[in-house]
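Summary of the model geometry
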2 protein chains.
Amino acid sequence: MNKEKLINTALMKEQPDLVLKNANIINVFTAEILHGDIAVTDGVIVGIGEYSGKDEKELDGKYVAPGFVNAHVHVESSMVAPEVYAMEEMKWGTTTIITDPHEIANVGGMTALSDILNVAEKLPINYYVMLPSCVPSTPFEHSGAVLNAEELKVWKDHPHVLGLGEMMNSVGVINSDKTVLDKLDAFSDKVVDGHFPMGSGKELNAYVSAGIATDHESISYEEAVEKLRAGMAVIIREGSAGKNLEEIVSGVVKNGIDTSRFVFCTDDKHLADIRKEGTIRYNIKKSIELGLDPVKAIQIGTINAARVYGLKQIGAVACGYKADMVVIDDLQEMTVSAVYKDGKEVSEIKSVLEVSYDEKLLSPINFAPLGSDAFVIPEKDRYSVIGIIDHQIITKKITMSNAELKAGLADGSVRKIAVVERHKATGFRAATYIKGYGLKHGAVASTVAHDSHNIVIVGDNDSDMLKACDELKRIGGGYVIIEDGKTVGELPLPLGGLMSLKSADEFIPELDTVIKKAYAMGVNKNIDPFITLSFMALPVIPEIRITDCGIFDVTSFSFVKN
Amino acid sequence: MNKEKLINTALMKEQPDLVLKNANIINVFTAEILHGDIAVTDGVIVGIGEYSGKDEKELDGKYVAPGFVNAHVHVESSMVAPEVYAMEEMKWGTTTIITDPHEIANVGGMTALSDILNVAEKLPINYYVMLPSCVPSTPFEHSGAVLNAEELKVWKDHPHVLGLGEMMNSVGVINSDKTVLDKLDAFSDKVVDGHFPMGSGKELNAYVSAGIATDHESISYEEAVEKLRAGMAVIIREGSAGKNLEEIVSGVVKNGIDTSRFVFCTDDKHLADIRKEGTIRYNIKKSIELGLDPVKAIQIGTINAARVYGLKQIGAVACGYKADMVVIDDLQEMTVSAVYKDGKEVSEIKSVLEVSYDEKLLSPINFAPLGSDAFVIPEKDRYSVIGIIDHQIITKKITMSNAELKAGLADGSVRKIAVVERHKATGFRAATYIKGYGLKHGAVASTVAHDSHNIVIVGDNDSDMLKACDELKRIGGGYVIIEDGKTVGELPLPLGGLMSLKSADEFIPELDTVIKKAYAMGVNKNIDPFITLSFMALPVIPEIRITDCGIFDVTSFSFVKN
């Protein structure tokens with residue numbers, strides 16, 4: 001950055017590249033709305049006041065807010081690649097994202113981190129990374145990689161790394177698990193994100209004493225306030241599944257509590273939802289609807305996050321800050337009429353599509369040969385069956401007699417479910433039964449399966465299930481639907497088996513088609529055919545799961561014999 | 001820090017070292033006052049709630065605030081060494097100071113920085129350093145050192161360095177002076193303190209665009225608000241001379257502006273004043289008297305500063321934070337009844353007196369031999385005379401005829417003033433006349449002379465003035481008073497010629513004695529005999545000054561022929 005040029009432009013000795021004339025500027029420092037022109041040069045704001053420039057845009061009193069900050073996001077959940085995701089965020093005013101590449105790291109480990117950080121440097125959005133702290137998430141499954149403190153430290157001083165990603169292993173923290181404390185120690189001079197649902201009392205004290213700075217898991221106002229009081233920055237989540245904003249912000253409005261330590265995030269938000277309403281723009285809009293002062297809502301979505309993560313030139317429309325700005329027609333409705341990133345209109349910024357990924361991330365489907373008996377489950381008197389609950393990702397542990405099982409298989413309420421390790425061809429696999437998925441005939445399979453992302457398959461016959469695995473390998477990962485040995489639906493997700501490399505416009509209809517096909521084949525319409533499936537292998541959510549290592553009873557935290 | 005121990009103590013699996021029972025805790029995050037016990041182990045707060053410990057103090061509902069932060073202080077102005085100063089601050093609740101060793105660096109350069117940073121590591125107080133950006137302060141005098149960007153960078157990553165100290169050369173910034181921009185560039189990833197009295201409009205935009213983050217020179221509410229809006233942290237100064245708090249805080253109270261970007265400092269405060277009322281404790285108390293909410297006043301004096309300077313474990317009574325705490329009986333009166341530093345009561349902490357300083361800092365009086373005619377001023381028709389103004393450090397430029405001068409010398413209203421370069425025996429020296437100092441007979445001299453700290457002497461005869469220089473050399477710097485060739489008063493300040501090495505209890509009566517002696521010899525009682533003298537050589541304050549290079553007219557920014 002050429003300071004002399006910034007200084008001279010501020011003084012109007014040189015002409016600014018761009019001046020936004022007659023703006024109503026949201027001043028996040030004083031919580032005021034102030035009228036003025038905004039002068040920009042070299043992508044940096046250099047003047048607020050009266051300015052004229054090479055290029056001028058008359059705003060006629062429209063509002064200008066700082067670019068929004070999405071403080072905790074897993075890009076993988078959008079199922080598009082970072083370079084595609086970034087453009088979708090920017091359209092709605094998000095100019096900074098703080099991502100935890102936890103999913104792709106579980107597949108690709110150090111290669112994934114290297115690739116993501118390379119991409120982060122190239123993207124027009126401010127793309128920051130919190131290094132995933134929990135790869136693998138649990139010891140009850142095989143992921144594609146194990147990342148310990150020494151490996152994470154390799155990336156610690158990368159300019160796009162802000163710290164350590166969400167420490168989901170709260171039990172490990174509280175029990176002073178050595179591998180966990182090694183990671184916390186390694187990042188004690190950086191930001192460490194937390195993840196402590198229902199964390200409270202002395203356990204919360206312990207978790208915070210270990211140096212964990214943020215949490216985005218609060219589901220009530222009371223939980224949020226306890227965490228705030230403990231010194232955490234509370235990141236209010238409003239994603240596709242986790243929707244905590246109304247609960248928390250209603251309490252904030254009612255109680256008038258200081259908002260300076262609140263931040264906004266989406267965590268996981270699907271592309272279709274982002275296209276409809278944006279991310280942080282939506283959090284701000286919804287907060288205003290709930291009665292929060294618009295300027296405070298904007299502070300939460302901008303400067304507050306920048307302060308928590310130590311981002312110096314981000315989160316304000318002020319001299320010396322990046323010219324990342326959102327032009328808003330109607331403050332109550334948060335109508336975004338233009339977005340500027342580094343002083344350029346986002347609508348004129350071309351997506352960076354020359355990004356390349358390592359071969360290892362692009363051919364991730366590698367399972368040991370499966371014999372025709374791979375998914376055979378021996379006959380027994382009693383079976384542990386995964387019970388799907390409509391509209392939920394928690395499951396119910398059902399015990400069935402042999403007769404009940406057979407009746408269920410016959411009437412279609414019960415199907416077989418299998419998980420196959422797909423990273424290192426270790427041969428680990430497991431199978432059991434699932435109730436409530438609702439497929440009539442054939443198999444549905446996915447390589448998106450939290451958090452280790454092995455193959456998960458549901459079917460009524462082993463042959464289609466085996467075929468599904470082969471087809472996933474052929475398409476390089478993604479979703480497939482098989483019927484009588486034929487592939488009747490597919491969605492390739494070649495980037496780690498998690499993300500498409502297509503544009504959003506191409507991807508969305510493809511996704512829509514494969515979901516419709518699954519419903520057409522009888523999948524329960526009260527669940528998402530693939531997202532629900534992707535959570536069946538996550539051995540931390542009650543009550544029962546299946547991983548490549550076996551059937552896992554989350555309530556007793558142990559494997560079940562089938 | 002042993003995280004396992006912190007965690008286990010938070011959980012009460014291990015007993016805390018100390019528990020403060022039944023406190024009313026100032027929560028700076030939520031701006032609440034909350035009742036609870038505070039558990040401390042290894043000098044760190046690990047629990048808020050119900051705790052029992054090895055040692056317990058019953059607080060019976062007394063208030064507990066975080067240790068105060070003095071965000072901008074020149075320790076040299078206290079005239080005691082850092083190890084003595086630290087204890088004086090701590091007694092009144094300041095547990096963190098952010099210092100700019102600008103004065104001692106002007107004397108000792110890199111040696112001074114090295115010594116100060118060594119001492120900083122040993123002191124019980126959190127002693128942070130902003131590296132002096134303006135050594136020398138001006139090109140119109142000879143200081144003991146020149147510190148350029150390359151030299152400052154040597155210390156940049158020292159754990160006690162937070163950034164670059166106050167950039168007083170605002171003209172240099174606005175004119176893109178290369179040596180100034182080199183320093184700003186070198187510290188662009190750290191905090192850069194500002195110093196821009198009356199900075200406003202496009203010039204302020206330029207100054208802020210250059211990356212300068214703070215300012216402590218605001219003298220009115222309006223000036224403060226303009227700087228806040230520009231994104232600066234506004235440090236409200238209340239020292240011995242600069243008293244800006246009432247103006248600014250009254251405006252804050254009246255207008256109800258957001259206080260999150262205000263910080264407190266003293267800049268320069270004399271030891272006697274500190275002993276009487278403390279530093280930040282006094283700023284907080286006075287703010288409360290002016291109507292500011294006590295919790296907000298405490299936030300300004302604690303967490304706000306910690307955030308601006310990126311201090312992670314400082315500024316809050318919360319888990320994971322240093323156990324730096326102030327126990328307050330009466331919140332309105334800010335009655336400090338106990339102070340804890342790292343969990344230890346300050347009254348039980350011994351001062352660190354085994355500090356040692358480099359020989360170069362301890363024998364700093366080095367001037368070229370002075371002949372008996374050293375201070376002779378040739379007879380002329382007209383003289384440029386420095387006019388002292390009572391109670392001010394600005395001066396008036398007086399032009400006197402030969403007759404007027406002689407009359408003034410005869411009636412005692414005019415005396416001779418000289419400055420002698422004392423760092424490198426360069427032989428630079430200058431002499432002129434001064435009106436209003438008021439000495440009857442003899443000479444008064446000091447090695448404290450902002451900012452280059454050469455010798456400054458006032459006298460009615462050259463012989464006593466020459467003797468004063470020799471005596472200053474003998475005592476290793478400080479203050480002397482000479483009468484008819486005899487030393488009738490002295491105050492040794494051997495640390496750089498600026499600071500005593502004695503304890504505060506020894507030092508204060510010595511200082512008192514020498515000041516009283518000066519008044520007894522006829523020095524004008526509306527000025528401080530030594531502090532006023534120390535500003536006569538500062539060539540940035542209007543209207544006229546004397547440096548070792550000559551008589552300097554600040555209004556025309558040029559030397560005057562005498």
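Structural notes, computed from the coordinates. A quick note: this is a predicted structure, and the numbers were derived from the prediction, not measured. (Residues numbered from 1 in each chain as written. Chains lettered and ligands numbered in written order. Predicted model: local features only at pLDDT ≥ 70, side-chain atom pairs only at ≥ 80, totals over all residues. Heavy atoms only, no water.)

Right, let's get into the pattern of salt bridges. All names here are of chain B. Following the criterion strictly, the structure yields 62 salt bridges over all chains and no others. As a salt-bridge pair, K62 and D329 come within 3.4 Å of each other at their nearest N and O atoms. With a gap of 267 residues between them, K62 in the loop between β4 (55–58) and β5 (63–66) and D329 in the loop between β14 (325–328) and β15 (336–341) connect regions that are remote in the sequence. Under the relative-accessibility criterion, D329 is labelled partly exposed at 38%. (Salt bridge = Lys/Arg side-chain N within 4 Å of Asp/Glu carboxyl O. Helix = DSSP H or I, 4+ residues; strand = E, 2+ residues; numbered from the N terminus. Buried < 20%, exposed > 50% of the residue type's maximum accessible area, 1.4 Å probe, protein only.)

Quick look at the interface of chain A and chain B now. Each partner contributes to the interface: chain A provides 54 residues, whereas chain B provides 54 residues. It is K3, K202 and R229 of chain A that lose the most area in chain A upon contact with chain B, and together they represent 17% of the buried surface on that side. In this structure, E32 of chain B engages R229 of chain A in a salt bridge whose closest nitrogen and oxygen atoms are separated by 2.8 Å. Our enumeration of links across chain A and chain B arrives at 18 residue pairs in polar contact (both at pLDDT 80 or more). Secondary structure elements with two or more residues in the side of chain A that touches chain B: α1 (3–10), β2 (32–41), β3 (44–49), α5 (170–174), α6 (178–186), α7 (201–209) and α8 (221–229) of chain A. Class assignment of the residues belonging to the side of chain A that touches chain B gives a composition of 25 nonpolar, 14 polar and 15 charged. (Contact = heavy atoms within 4.5 Å. Buried area = accessible area lost by both parts, 1.4 Å probe. Polar contact = N/O pair within 3.5 Å; in protein donor to acceptor, adjacent residues only side chain to side chain. Nonpolar A, V, L, I, M, F, W, Y, C, P; charged D, E, K, R; others polar.)

What follows deals with helix α1 (residues 3–10) of chain B. In terms of residue burial, α1 of chain B counts as a mostly covered element, since six of its eight residues are buried. Those residues of α1 of chain B lying buried are K3, L6, I7, N8, T9 and A10 of chain B. Contact partners of the buried residues in α1 of chain B: α5, α6 and α7 of chain A together with β2 (32–41) and β3 (44–49) of chain B. Two or three places before E4 of chain B, at the start of α1 of chain B, stands the capping residue N2 of chain B, its side-chain oxygen 3.0 Å from that residue's backbone nitrogen. A positive phi of about 65 degrees marks M12 of chain B, the residue just after α1 of chain B.

For these two chains of identical sequence, chain A goes onto chain B by a turn of 180 degrees and a shift of 0.0 Å along the axis, with RMSD 0.1 Å. When the rotation and shift are considered jointly, the pair of chain copies conforms to a two-fold rotation axis. A high fraction, 100%, of the interface residues of chain A reappear at the interface in chain B, so the copies pair face to face through one surface. (Least-squares fit on C-alpha atoms with pLDDT ≥ 70 in both.)

Scanning all chains against the criterion turns up 18 aromatic pairs over all chains. Ring geometry for F140 of chain A against F557 of chain A: centres 5.3 Å apart, planes inclined by 85 degrees, an arrangement best described as edge-to-face. With F140 of chain A in the loop between β8 (126–131) and α4 (149–153) and F557 of chain A in the loop between β26 (550–553) and β27 (558–560), this residue pair connects regions lying 417 residues apart in the sequence. Take F140 of chain A: its relative accessible area is 14%, and that puts it in the buried class. F557 of chain A sits in the partly exposed class, given a relative accessible area of 46%. Between the NZ or CZ atom of K202 of chain A and the centre of the ring of Y51 of chain B, over which it lies, the distance is 4.5 Å. (Phe/Tyr/Trp six-rings, centres within 6.5 Å; stacked < 30°, edge-to-face > 60°. Lys NZ or Arg CZ within 6 Å of the ring centre and 35° of its normal.)

With that settled, the discussion passes to helix α9 (residues 245–255) of chain A. Residues and elements named next belong to chain A. If you check which residues of α9 are buried, you get L245, I248, V249, G251 and V252. Take α9 and look down its axis: the buried residues cluster within an arc of 155 degrees, on one side only. Against α8, β12 (233–237), β13 (262–265) and α11 (280–289) lie the buried residues of α9. Directly after α9, the chain includes G256, whose backbone phi takes a positive value near 60 degrees. (Arc of directions from axis to C-beta.)

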